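Chain by chain, the residues:
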Amino acid sequence: MNLRPIRWPADAAQLQGFDASYRTMTIYVPEVADLSLGLREVDLAEPFNKIYDSEDILEAVATAAFTVAAESADGVLEGFAAVNLHQWNRSAELSALFVAPGSRGRGLGRALLARALEFARAAGVRCLGLETQTTNVPAIRFYRRMGFRLCGIHTALYDPARVAAQEVGVFFTRSLTEP
């Protein structure tokens, strides 16, 4: 697998056709009480399937300060990550990290995240944050294994006309100044 910067707009067609979908039989339900927040894992009777809008993917990449693509030997895009910088608070945002379904479970997400973390550290930011959905249990488990901590829940983040009712925004962060 070759890791390289995304070539914009040359990679746009592959990004537009990229399968970033996931399927899960478990979701997290937010528990917000007074000033406490948490997530409770719940099993589903039917699988939840998520397909990301290709325009959202393209926007995340086109506007990023840093991008990295994972490309197979035959030139197929197998995954990618994008990072934005926020100077006002010396933070970075992982605005995209996707691995194609057939390439998951082989360490590609770790490799892409490692490059994103290298970029963020070199940029002198203090933390790397991200947003995902309560339905994206595989991503939440991955980010927690990678040292990210839950730092927020936004119950009205998503437009109900565009996403499933059980999708709630959750935010994670990882310090880049702690060992």
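Residues numbered from 1 in each chain as written. Predicted model: local features only at pLDDT ≥ 70, side-chain atom pairs only at ≥ 80, totals over all residues. Heavy atoms only, no water.

S.K.: Explanation requested: the sheet that holds strand S9 (residues 169-175) in the structure shown.
M.R.: The strands making up a sheet are joined through hydrogen bonds of the backbone, oriented either antiparallel or parallel. One open sheet accounts for 7 strands, arranged S1-S4-S5-S6-S7-S9-S8; its pairing is mixed. Of all the strands in the sheet, just strand S1 (2-4) and strand S8 (149-154) have a single pairing partner and so form its edges. Direction aside, the axes of adjacent strands within the sheet are offset by 25° on average. Examined bridge by bridge, S1 and strand S4 (residues 66-71) share 3 bridges and lie antiparallel to one another. (Pairing = 2+ DSSP bridges. Helix = DSSP H or I, 4+ residues; strand = E, 2+ residues; numbered from the N terminus. Axes fitted to C-alpha atoms, helices over the stretch in contact; angles between N-to-C directions.)

S.K.: Please explain the environment of threonine 155 as it appears in this structure.
M.R.: Within the secondary structure, threonine 155 is located in the loop between S8 and S9. Among the residues examined, threonine 155 registers a relative accessible area of 58% and is labelled exposed. Measuring from C-alpha to C-alpha, the distance between threonine 155 and glutamine 166 comes to 9.8 Å, with 11 residues separating the pair along the chain. (Buried < 20%, exposed > 50% of the residue type's maximum accessible area, 1.4 Å probe, protein only.)

S.K.: Hey, could you run me through the packing of aromatic side chains in this one?
M.R.: Given two aromatic rings, their pairing is described by the distance between the two centres and the angle made by the two planes. A complete count under the given rule lists 8 aromatic pairs for this structure. When the centroid spacing of 6.1 Å and the interplanar angle of 50° are considered together, the rings of tyrosine 22 and tyrosine 52 count as tilted. Within this pair, whereas tyrosine 22 is found in strand S2 (residues 22-33), its partner tyrosine 52 is found in the loop between strand S3 (36-50) and helix H2 (54-62), the two being separated by 30 residues in sequence. Its relative accessible area of 7% is what places tyrosine 22 among the buried residues. (Phe/Tyr/Trp six-rings, centres within 6.5 Å; stacked < 30°, edge-to-face > 60°.)

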